[in-house]
Amino acid sequence: MSKIVRVALAALLAGIILGVLAVGIYEHLFSSPSGVSQTAAENVAPETLPTNVKLTDLRGHSYRFSHWHGRLLLVNFWASWCGPCKREIPLLIKMQKKYGAQGFQIVGPAVDTRAAARRTSHRLHIDYPVLTGTPAEMIPLMNKLGNEPGGLPFSVLVSPNGQILERHLGMFGHRELEKLIKANLSATTSQ
Amino acid sequence: MNLLAFFSRYLILLGLGAATVCAAASWPGRTDQHPLTADQAFQMMPLQRDAHGVKLEWVIAPGYFLYRDRIKVKAVAADRVLALKLPPAQPYDEPGAGQVRVYRNDLTARLPLSVTVTPRRLKVRFQGCSDSGICYPPQTRIMQMPKK
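It should be emphasised that the depicted structure is a prediction, and the values quoted were computed from it without experimental measurement.

A. Here's a closer look at unusual backbone geometry. The omega angle of the peptide bond from A:Leu152 to A:Pro153 is -5 degrees, so this bond is cis rather than trans. Topologically, A:Pro153 is positioned in the loop between α4 (135–144) and β7 (154–158). Its identity as a non-glycine residue notwithstanding, A:His125 has a phi of 60 degrees, on the positive side. Inspection of the secondary structure puts A:His125 in the loop between α3 (114–124) and β6 (130–133). Positive phi values are uncommon outside glycine, yet B:Asn105 reaches one of about 65 degrees. Its location among the elements puts B:Asn105 in the loop between β8 (98–103) and β9 (106–111).

Next comes the structure, spelled out in structure tokens:
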């Protein structure tokens, strides 16, 4: 192999390594692992959570989102038939445990029958409130909240006074979610 | 070798390598920054009838898939499940759920029908997800049976 070919191959390899590093650094710093985030500044849908929507929990009790007024609320839409939703839930449970005492609350509306949501909720040991609703109820609600494709998992971060801070379609990454919670908890407490 | 020529060649190759990888990494199907609606991802074509029965056809967008075991067809009037002939599906390792069978790109299924009990309308139910980690609620379509 001539010297020039060896140099060319080495350079190409170095270029690929540099490219991979560049992409890795870019993704680590700027992008979400699998989801599409939309911050409050880009909002197109209403800025606050709808106050008139009532959803029932696993015991059949009705709740409005205003029930959690005063807390930094993460509304996480999920379903028993949604693999990525079930993969994301252990992270949500962990975040609820870690930041619950500081005013963070997760609520999980399930696009499911109550029986299916109950079964999956027990199996995954979900310890935050789970609400249920049929696709016919939940899809228009998600659309209203800015989820045009109607996919799951879909999360909406809401300030203690009901303002939508962030919308996220797809799974959260660990670092991404924790950073978001921390930033908004500190913003809430410093106000 | 001229030193300038050596470094020029080196830098060009370095740049090309980096650019190739960066372009591959930012390919739209990979990050899916603009997820499709269920209608766009799983386009169901009008039913087609032939001598053997009815053909059901889906056009599935790249990066999306339909679950084999979540495709169901019923006769609307009788509310009875009809036996659908589905082609072999691809294996898909779903984290936490093990191996499931899915369809990608195009799917053509067949519904053998007898002349005496041909329903007028079919209720077709299907469900799918994207490789980027977004799942769509079960979809239901009422499909009109084409005339012979």
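B. Up close: the pattern of salt bridges. Going through the model one piece at a time under the given rule, you end up with 6 salt bridges over all chains. Of the charged contacts in the structure, one is a salt bridge between A:Lys98 and A:Glu178, with a shortest N-O distance of 2.5 Å. Remark: A:Glu178 occurs in helix α5 (residues 174–190) and A:Lys98 occurs in helix α2 (residues 83–99); sequence separation between them is 80 residues. In this structure A:Glu178 comes out as buried when scored by relative accessible area, which is 12%. A salt bridge links B:Arg141 to B:Asp39, with the nearest nitrogen and oxygen atoms 2.6 Å apart. One end of the pair, B:Arg141, is in strand β12 (residues 139–144); the other, B:Asp39, is in helix α3 (residues 38–41), with 102 residues separating them in the sequence.

About the criteria used
- Residues numbered from 1 in each chain as written.
- Chains lettered and ligands numbered in written order.
- Predicted model: local features only at pLDDT ≥ 70, side-chain atom pairs only at ≥ 80, totals over all residues.
- Heavy atoms only, no water.
- Helix = DSSP H or I, 4+ residues; strand = E, 2+ residues; numbered from the N terminus.
- Salt bridge = Lys/Arg side-chain N within 4 Å of Asp/Glu carboxyl O.
- Buried < 20%, exposed > 50% of the residue type's maximum accessible area, 1.4 Å probe, protein only.

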